[in-house]
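Summary of structural features
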Amino acid sequence: MSRFTEIKGLILTLEDDFIKFYEHGNKSAGTRIRKGMKDLKDLAHTIRMEVQEIKNKAEEDKKKDS
């Protein structure tokens, strides 16, 4: 669950920048949003790889036990 917490934290840190960009037109906030979204994408990819690894390991262990 720590990965879920990481994602939530990342999104919450971007909230102010979303407001600054969309409501006030702050271009610097847009740059921070793009960086944050890239970080989110990278984190999502890492999580996908971890989930796949865990799933594959569980399947291997199940086959070994059979």
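One can find the structure itself at the top, above this paragraph.
Residues numbered from 1 in each chain as written. Predicted model: local features only at pLDDT ≥ 70, side-chain atom pairs only at ≥ 80, totals over all residues. Heavy atoms only, no water.

1. Notes on a nonpolar patch on the surface
- A contiguous nonpolar patch, built from F18, F21, Y22 and M37 and spanning about 400 Å² of accessible area, is present on the exposed surface.
- At three residues, helix α1 (residues 2–24) tops the list of elements feeding residues into the nonpolar patch.
- Along the chain, M37 turns up in helix α2 (residues 27–65).
- You can call M37 partly exposed: its relative accessible area is 38%. (Patch = residues over 30% accessible without salt bridge, like charges linked within 9 Å, V, L, I, M, F, W, Y side chains within 5 Å. Areas by Shrake-Rupley, 256 points an atom, 1.4 Å probe, with all protein chains shown as cover. Salt bridge = Lys/Arg side-chain N within 4 Å of Asp/Glu carboxyl O. Helix = DSSP H or I, 4+ residues; strand = E, 2+ residues; numbered from the N terminus. Buried < 20%, exposed > 50% of the residue type's maximum accessible area, 1.4 Å probe, protein only.)

2. Section: the side chain of D17
- Topologically, D17 is positioned in helix α1.
- In this structure D17 touches A29, R32 and I33, once residues within four positions along its chain are discounted. (Contact = heavy atoms within 4.5 Å.)

3. Observations regarding the pattern of salt bridges
- Per the counting criterion, the structure on display carries seven salt bridges.
- In this structure, R3 engages E6 in a salt bridge whose closest nitrogen and oxygen atoms are separated by 3.3 Å. Taken together, the residues span about one helical turn, with R3 and E6 both in helix α1 at a distance of three residues.
- The class of R3 is partly exposed, set by a relative accessible area of 26%.
- Here D61 and K57 are joined by a salt bridge, their closest N and O atoms 3.3 Å apart. Note that D61 and K57 are positioned in helix α2 at a spacing of four residues, about one turn of the helix.
- Classification of D61 as partly exposed rests on a relative accessible area of 31%.
- For K57, a relative accessible area of 51% translates into the label exposed.

4. Brief notes about the packing of α1 against α2
- Taken N-terminus to C-terminus, the directions of α1 and α2 make an angle of 165°; their axes are 9 Å apart at the nearest point. In this view, α1 runs roughly antiparallel relative to α2, as classed from their interaxial angle. Helix-helix and strand crossings are classified by hand; for α1 and α2 the assignment is left-handed. Listed contacts from α2 to R3, E6, I7, L10, I11, L14, D17, F18, K20 and F21 of α1 are A29, G30, R32, I33, G36, M37, D39, L40, L43, T46, I47 and E50.
- Taken together, the residues that form the contact of α1 with α2 break down as 12 nonpolar, three polar and seven charged. (Axes fitted to C-alpha atoms, helices over the stretch in contact; angles between N-to-C directions. Parallel < 35°, antiparallel > 145°, perpendicular 65-115°, else oblique. Left-handed = near helix turned anticlockwise from the far one by under 90°. Nonpolar A, V, L, I, M, F, W, Y, C, P; charged D, E, K, R; others polar.)

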